[in-house]
Amino acid sequence: MPSLPGNGTIVVLTGAGISKESGLDTFRDKDGIWAKVRMEDVATPDGFRRDPAKVHAFYNARRRNLAEGGVAPNAAHAALARLEREWPGEVLLVTQNIDDLHERAGSENLIHMHGELLKIRCVKCARPFAWTRDLGIEDKCPDCYRVGSLRPHVVWFGEVPLHMERIFEALAQCALFLSIGTSGHVYPAAGFVQTVRGLGRAQAVELNLEPSEGASLFHESRLGPASRLVPAFVEDLLSR
């Protein structure tokens, strides 16, 4: 267990591993999403320009699965919401996931750096909107009323993740950086541990099913399912 001030800021990064235990497919596993569909077709600006209907169909299916597939937050999501409620300092949760499982578990101080599946955005007026039903090329922007200008509010390959300035400010101030269920392949999130270690102020801990690409950079690494590791880690942290 890391030693840190009783009210120090904690930054938590979560990846697909935490949502997988709730029944959502990951992207990079051998049987994951990118093994079934080309990311160039559905997760790039060029893919959207070539075939917006195909892109909409892909995200519509994922949106329906999230709402109707019996998907629910697991014990790891619940434990992180508890940490935010009970830790005397700030807990900032930064997720690479586009699902809403952290919100459903009760987390509030939350950044979706890769966007949100249950939001859309107009490419003309740039405004995001909550959206839970299917989206198509015939839909009209609720604000500027243009037809065909709506896209998923998801960060695609080649685009800059959201709220990076706020994330790096928090990393510079934190006493503990906790990485959960992320492979360490996708930047800039994969470089967060290097940022923290370079500043020399924070402890860095990884909770993962298997070691990430940057596992050697963490002060401590615990391996196992997030639904088991995260509640135990949070309990230890809060009981000190």
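Since we're looking at a predicted model, the values are computed, not measured.

(A) Representation of the UniProt feature "binding site: substrate" (unreviewed entry) in the protein within the structure. According to UniProt, the feature "binding site: substrate" (unreviewed entry) maps to Tyr 59 and Arg 62 in the numbering used here. Along the polypeptide, Tyr 59 turns up in helix α4 (residues 52–68). Overall, the relative accessible area of 3% leaves Tyr 59 in the buried class. Among all residues touching Tyr 59, those that are not within four sequence positions of it are Val 42, Ala 43, Leu 117, Pro 152, Val 154 and Trp 156.

(B) Focus on the domain arrangement of the protein. Segmentation of the protein into domains returns domain 1 (1–23 + 73–114 + 161–239) and domain 2 (25–70 + 116–154). One C-alpha centre belongs to domain 1, the other to domain 2, and the line joining them spans 26 Å. Between domain 1 and domain 2, the residue contacts involve 14 residues of the former and 11 residues of the latter. Summing both partners gives a buried area of about 1,000 Å² for domain 1 against domain 2, and 60% of it is carried by carbon and sulfur.

The rules behind each value
- Residues numbered from 1 in each chain as written.
- Predicted model: local features only at pLDDT ≥ 70, side-chain atom pairs only at ≥ 80, totals over all residues.
- Heavy atoms only, no water.
- UniProt positions renumbered as here; feature names shortened; annotations may be inferred.
- Helix = DSSP H or I, 4+ residues; strand = E, 2+ residues; numbered from the N terminus.
- Buried < 20%, exposed > 50% of the residue type's maximum accessible area, 1.4 Å probe, protein only.
- Contact = heavy atoms within 4.5 Å.
- Domains from an automatic or database assignment.
- Buried area = accessible area lost by both parts, 1.4 Å probe.

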